[in-house]
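Per-entry structural report
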Amino acid sequence: MSVALSSESLLDLAKSRQPADRERLLLGIVELCDADNGAAAMAMPQVQALLNSIFLGLVAGAEREIRTRLARKLSTAEWAPAALVNVLALDEIEIARPVIAASPVLKDADLVRLLVEATIEHQIEVARRPHLGPAVVAAILKASEPAVMTALAGNQSAALAPGDMKRLVEAAHSIAALRTPLAHHPKLTGELALQLYIWVGQALRQSLSERFRLEPKLIEAALSQVVQEAHFGPPTGHGVVVLARDGEREAMERRLIEKLHAAGQLRPGYLVRALQEGRLSLFAIALATLGRFEPDHVQRVINSDRPELLGLACAAVGIDRSVFPSILEMIRKLNGGLPGGGIDASRRAIGAFGPVSPQVAATAFRQAALSV
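Residues numbered from 1 in each chain as written. Predicted model: local features only at pLDDT ≥ 70, side-chain atom pairs only at ≥ 80, totals over all residues. Heavy atoms only, no water.

Further remarks concern the overall build of the chain. Broken down by element type, the chain carries 24 helices and 0 strands. Buried positions account for 44% of the 372 residues belonging to the chain. Here the analysis covers contacts within the chain between residues at least 6 apart in sequence; of these, 63% occur between residues at least 24 apart. For the chain, the accessible area works out to roughly 19200 Å², and carbon and sulfur atoms hold 55% of it. (Helix = DSSP H or I, 4+ residues; strand = E, 2+ residues; numbered from the N terminus. Buried < 20%, exposed > 50% of the residue type's maximum accessible area, 1.4 Å probe, protein only. Contact = heavy atoms within 4.5 Å. Areas by Shrake-Rupley, 256 points an atom, 1.4 Å probe, with all protein chains shown as cover.)

Written out as structure tokens, the structure reads:
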């Protein structure tokens, strides 16, 4: 069967609106693709022009199943018309996925356009595409979409420059999903591993320590620096001390708690320390973070006449019953006598440390705090 005859047959089928003929059209295209000289014939300019007409006409009104089969067949074809491949790449994700993942016809400019115009699911598939080029990597990092960046971090064949790896590691501070793929990335350096070490869990810390032979002294110094910067901020130079306004101080305290929590340094004992330093707002933020409570709920309970709810929150994060009376006393001194309720309320608060698990105490606090 000659190429010309095959092309004419395909064109006749393309003119039909019958589903059966469209199925035959697809099968005819598949047979041409599978022929020994099919790929070479398809690359001929006159055939490419015909294919554009046939394929785009087919896709415009084709059923989903036909578009799916066509996308799978064309996903590795070098001769596939660029216009058709781009249309399929913008189709629903199950159809577009094989084309985005493998089509040699898609160029960097096409992939960048998908990052701008397509859904998050399409963008994730772009980030997973093997041997992703620098221009596409740059576009992903510029957009800073967490799910897409996470897919990029897991793509070990992407053209990630040292600066790109640095940006991903820095983003891992706030995007937890980045940490595991970055910890196993072949382009991770010892310096970046030490920075990543601060934010990951114990299992990944051990893996990083073994892979890069991180010195315990370096690890300790890095953790200490994070805690110090969290408390006092990074060095400003020239010995200048800037006093923060109330709003700025609250933002700084939140950043402090976030850093301590991410570094695994936020523990129940820190709550007592914050109160001993006279920092009631820092105590409230730390308690909310440790218990995964709404900050507003914690603040309302502190300002209420129900110290038993504060007792529930403290029990939920691991504060010992024997320590709580001191905590309550320090809070009342810093907060004008609140939470109030007198001696009877204080006794009820101690009762919150009953024989219940921290999970039960946390649930009880969340429910009761809604009524305050």
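The full count for this structure, using the stated rule, is 12 salt bridges. Asp91 is the partner of Arg67 in a salt bridge, and the nearest nitrogen-oxygen pair spans 2.7 Å. Here Arg67 is found in helix H5 (residues 64–74), whereas its partner Asp91 is found in the loop between helix H6 (82–89) and helix H7 (93–102), with 24 residues between them in sequence. For Arg67, a relative accessible area of 13% puts it in the buried group. What emerges from the salt-bridge pattern is a single network uniting Arg64, Arg67, Asp91 and Glu92. (Salt bridge = Lys/Arg side-chain N within 4 Å of Asp/Glu carboxyl O.)

This paragraph deals with the nonpolar core. Within the largest apolar cluster, 54 residues are counted, with the highest numbers of intra-cluster contacts made by Ile140, Leu152, Leu178, Leu182, Leu196 and Leu208. If you look at the next biggest cluster of nonpolar residues, it comprises 42 residues, including Tyr270, Ala313, Ile331 and Ala352. (Core = buried A, V, L, I, M, F, W, Y, C linked by side-chain atoms within 4.5 Å.)

Across all of its chains, the model carries 2 aromatic pairs by this definition. Ring geometry for Phe293 and Phe365: centres 4.5 Å apart, planes at 45°, overall tilted. With Phe293 in the loop between helix H19 (280–291) and helix H20 (295–302) and Phe365 in helix H24 (residues 358–369), this residue pair connects regions lying 72 residues apart in the sequence. Like Phe365, Phe293 is buried. (Phe/Tyr/Trp six-rings, centres within 6.5 Å; stacked < 30°, edge-to-face > 60°.)

Interhelical geometry of H7 versus helix H9 (residues 120–128) gives an angle of 20° and a closest axis separation of 10 Å. With respect to H9, the axis of H7 lies roughly parallel. Helix-helix and strand crossings are classified by hand; for H7 and H9 the assignment is right-handed. Of H9, the residues touching H7 (which contributes Ile93, Ala96, Arg97 and Ile100) are Glu121, His122, Glu125 and Val126. Residue composition of the contact of H7 with H9, by class: 4 nonpolar, 1 polar and 3 charged. (Axes fitted to C-alpha atoms, helices over the stretch in contact; angles between N-to-C directions. Parallel < 35°, antiparallel > 145°, perpendicular 65-115°, else oblique. Left-handed = near helix turned anticlockwise from the far one by under 90°. Nonpolar A, V, L, I, M, F, W, Y, C, P; charged D, E, K, R; others polar.)

It is worth spelling out helix H22 (residues 324–334) at this point. Turning to H22, its buried residues are Phe324, Ile327, Leu328 and Ile331. For H22, the buried positions fall inside an angular range of 95° around the axis, keeping them on one side. On its buried side, H22 packs onto helix H18 (268–276), H19, H20, helix H21 (307–316) and helix H23 (342–351). (Arc of directions from axis to C-beta.)

For the rest of this paragraph, the subject is the confidence of the model for the chain. Averaged over the chain, the pLDDT score is 81; the fraction of residues at 70 or greater is 75%. Mean pLDDT per element in the chain: helix H3 (residues 38–42) is the minimum at 55, and helix H10 (residues 134–143) is the maximum at 96. Across residues 1–5 the pLDDT falls below 50, and counting only partners more than four positions away or on other chains, this stretch makes 3 contacts in the model. In this model, residues 235–246 is a region of pLDDT below 50 whose contacts with residues beyond four sequence positions or in other chains number 3 contacts. (pLDDT = per-residue confidence, 0-100.)

Within helix H15 (residues 202–212), the full set of buried residues consists of Leu204, Arg205 and Leu208. Down the axis of H15, the smallest arc covering the buried residues is 105°, so these residues share one side. Residues Gln202, Ala203 and Glu210 are exposed on H15 and point more than 90 degrees away from its buried face. Among the residues trailing H15, Arg213 stands out with phi positive, at a value near 50°.

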